[in-house]
Amino acid sequence: NNIPIGGIQADGSLGDGGVQILAANGRPIQFYTEGSQSGTGIYDTEEAMQITGDGEVGIGTNNPTSKLDVNGDARVGTLNIDGVDSGLADETRINFRASDDSNRFQIETDLDGIVANDLLGFRAAQVDNILVLKGNGNVGIGTNNPIFPLDVNGEATISGNVGIGTVGYSNV
């Protein structure tokens, strides 16, 4: 019996001359960098990245818990976040989590194919739609369906001057 123990295959047998890296038995594929030389003359190594047997990629962590888990700073030129069809609309979310993994703030979209209905919402853990930007340009505070260019549901405090249906401003 020939039992694979892992390895690298780099030849034309893949059909296009590609490279195949194999880790057997669900083991991770790990990438190391060479660190500083110790007093014994041996270089220390540090794990820089790994791909788990489940296909999760960790950069700066040796225990990734999602498809891409980055521990440290990351730089992205353009970030495209694709929506997930929930059956009613395309939804996309960015969660801002605390160290206990609780979602504290969230930016979300709700895209249903009608631009005037599309929204970009900002919410907190316990408060839905603190601020909503609609596809038609309306902005809502405290409402998820602003019907005016600025629609505030609740009390508001304005300091300074404000113009209401006038060319000039009045002190409030």
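Preceding block: the structure.
Remember, it's a predicted structure, so these values are computed and weren't measured experimentally.

Draft legend 1. Structural context of the pattern of salt bridges. Per the counting criterion, the structure on display carries one salt bridge. Of the charged contacts, one joins D100 and R104 as a salt bridge, the two residues approaching to 3.6 Å between their closest N and O atoms.

Draft legend 2. Looking closely at the layout of surface pockets. As a volume, the largest pocket reaches approximately 640 Å³. Lining of the largest pocket is provided by 15 residues; of these, S66, L68, I94, N95 and R97 occupy positions nearest its centre.

Draft legend 3. Region of interest: the environment of A125. Position of A125 relative to the elements: it lies in the loop between β10 (119-124) and β11 (131-134). Counting along the chain gives 23 residues from A125 to S102, while the straight-line C-alpha distance between them is 8.3 Å. With near-sequence residues (within four places) excluded, A125 lies in contact with N103 and R104.

Draft legend 4. Geometry of the environment of N136. Along the chain, the position of N136 falls in the loop between β11 and β12 (139-141). In this structure, the C-alpha to C-alpha distance between N136 and V115, residues 21 residues apart in sequence, is 6.7 Å. For N136, the contacting residues outside a window of four places in its chain are V115 and A116. Within the structure, the side chain of N136 is placed 3.0 Å from the backbone nitrogen of N138, a separation counted as a polar contact.

What counts and what doesn't
- Residues numbered from 1 in each chain as written.
- Predicted model: local features only at pLDDT ≥ 70, side-chain atom pairs only at ≥ 80, totals over all residues.
- Heavy atoms only, no water.
- Salt bridge = Lys/Arg side-chain N within 4 Å of Asp/Glu carboxyl O.
- 1 Å grid on protein atoms, 1.4 Å probe; cavity = no way out; pocket = protein on both sides within 12 Å on 5 of 7 lines; lining within 4 Å.
- Points joined across faces, edges and corners; volume = space filled by probe spheres on them.
- Helix = DSSP H or I, 4+ residues; strand = E, 2+ residues; numbered from the N terminus.
- Contact = heavy atoms within 4.5 Å.
- Polar contact = N/O pair within 3.5 Å; in protein donor to acceptor, adjacent residues only side chain to side chain.

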